[in-house]
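Topology and contacts: notes
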Amino acid sequence: MDYELGDIIRVTRNGNEYEGVVMPSVTDHIVLKMKNGYNVGIELEGAEIAIIERKSDAKPTPHKEKTPINKKLPNITILSTGGTIASKVDYRTGAVTAQFSADDIVKAIPELEDIANIRGRVITNILSENMKSETWVDLAHAVAEEIEKGADGIVIAHGTDTMMYSAAALSFMLRTPVPVVFVGSQRSADRPSSDNVMNAICAATVATSDIAEVCVVMHNSSSDDMCAIHYGTRVRKMHTSRRDAFKSINSEPIGYVDYSDRRISTNLEYTKRGEKKLELINTIQPKCALIKFIPGADPAVLSYYIDTGYKGIVIEGTGLGHVSTNWIPEIERATTAGIPVIVTSQCLNGRICNRVYDTGRDMTKAGAIEAEDMLPEVALVKLMWVLGQTNDMNRIRKLMQNPVSNEIAYCSLK
């Protein structure tokens, strides 16, 4: 049977019928994308194939007129960086492509028309593991531009794998008078269990609220009941695939959005809309490293970063923030050379304290800086941002050990 990618066909085999769009395959099986969104692979041997519709015969999607502006609603800009939530499945080919005009967004999620006027803007179209610090800088600049143009809120569609890094980066780079909301999707739009619509609606709701923070809005539970609103510096992806993968660490969420009525409830204090003037501080030092200490690790691991031009180092230590004693001379060598060494914990929950055991005291004497209760990746991003502002070790220490954007629970100035 002469079928092509994108054709709709019916395959009958062993008394079972399967109907769907022909997808690319790397095996001898036929792969179909069925109407329920799932893919099925079928062996060719013994299969009967009937073509339902040729791809070339499909009627084009009629042009949709531009969505009119509703002057009674606030204006939201949705910035796309790529990732699952910013993509659309083409059921003619099975391909996933970026579709990000304002009309595309509203067509995919029409409920957004009841929340705000939507403007769409593509910043980049990459998988989030391909993010770089330069992209964070570009993204922060784009957010500032949209706010200056009159946006009442910003939603950033982002891949989930590294969203916590980007959210932390913008938390340090921006002082914002309006909400800046990161949102993603754990499951693609072609899956019945996709979380993209609920997450997007809840994110848009927060973007029109008075919560003028850089925050992350994602499913709070495995059910479609509510989304949690997390500080951009307190959130972490804690599961590879669950819809409620994102959790606040060492903090409660700021609050929640009820999906049924879009009502927001809050737990914590937050910066309110209009309290701060827009400020962009987006100079960053990318040559920083995050090193995970493991038992028996050779201090040459640390030596590599000292000797190859890195400007800052964050160590994920054990427990209260420890490394083995043979690492301490290298820590001192780094700090003597003007390379700050920040110590965090692999435990994630809890606060660093290097004044309990001898190793910790020796690390402090060697010049290591405690990261308080910061997450390791947040400490890394903060160090990159701090080194973009100063090279003075005393100033670096003070900035790293005191809160800039909710990344540290209250502590006295040091």
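See the structure above.
Overview of the structure. (Residues numbered from 1 in each chain as written. Predicted model: local features only at pLDDT ≥ 70, side-chain atom pairs only at ≥ 80, totals over all residues. Heavy atoms only, no water.)

1. Considering the overall build of the protein
Helix and strand counts for the protein stand at 9 helices and 23 strands. In the protein, the proportion of contacts linking residues at least 24 apart, taken out of those at least 6 apart, comes to 68%. For the protein, the accessible surface area stands at approximately 19200 Å², while carbon and sulfur atoms represent 49% of it. (Helix = DSSP H or I, 4+ residues; strand = E, 2+ residues; numbered from the N terminus. Contact = heavy atoms within 4.5 Å. Areas by Shrake-Rupley, 256 points an atom, 1.4 Å probe, with all protein chains shown as cover.)

2. A few points about the packing of aromatic side chains
In this structure the tally under the stated criterion is 4 aromatic pairs. With a centroid separation of 5.2 Å and an interplanar angle of 90 degrees, the aromatic rings of F293 and W327 are classed as edge-to-face. Remark: W327 occurs in the loop between β21 (312–317) and α6 (328–336) and F293 occurs in the loop between β20 (288–292) and α5 (300–307); sequence separation between them is 34 residues. W327 matches F293 in its accessibility class, with the two residues each being buried. Ring pairing ties together the aromatic residues Y304, Y305 and Y310, which thus form one cluster. Lying over the aromatic face of Y270, K272 brings its terminal NZ or CZ to 4.7 Å of the ring centre. Just above the ring of Y310 sits the side chain of K287; from NZ or CZ to the centre is 4.3 Å. (Phe/Tyr/Trp six-rings, centres within 6.5 Å; stacked < 30°, edge-to-face > 60°. Buried < 20%, exposed > 50% of the residue type's maximum accessible area, 1.4 Å probe, protein only. Lys NZ or Arg CZ within 6 Å of the ring centre and 35° of its normal.)

3. Regarding the sheet that holds strand β9 (residues 117–122)
Read across the sheet, 8 strands follow the order β9-β6-β10-β12-β13-β14-β17-β18 without closing on themselves; strand pairing throughout is mixed. Single-partner strands in this sheet number two, and they are β9 and β18 (264–266). Direction aside, neighbouring strands of the sheet carry axes that sit 25 degrees apart on average. Pairing between strand β13 (residues 214–219) and strand β14 (residues 226–231): 5 bridges, direction antiparallel. The residue of β14 that forms the bridge with H219 is C227. Its contacts with the sheet put helix α3 (residues 163–173) on β10 (153–157), β12 (180–183) and β13, and the angle it makes with β13 is roughly 155 degrees. (Pairing = 2+ DSSP bridges. Axes fitted to C-alpha atoms, helices over the stretch in contact; angles between N-to-C directions.)

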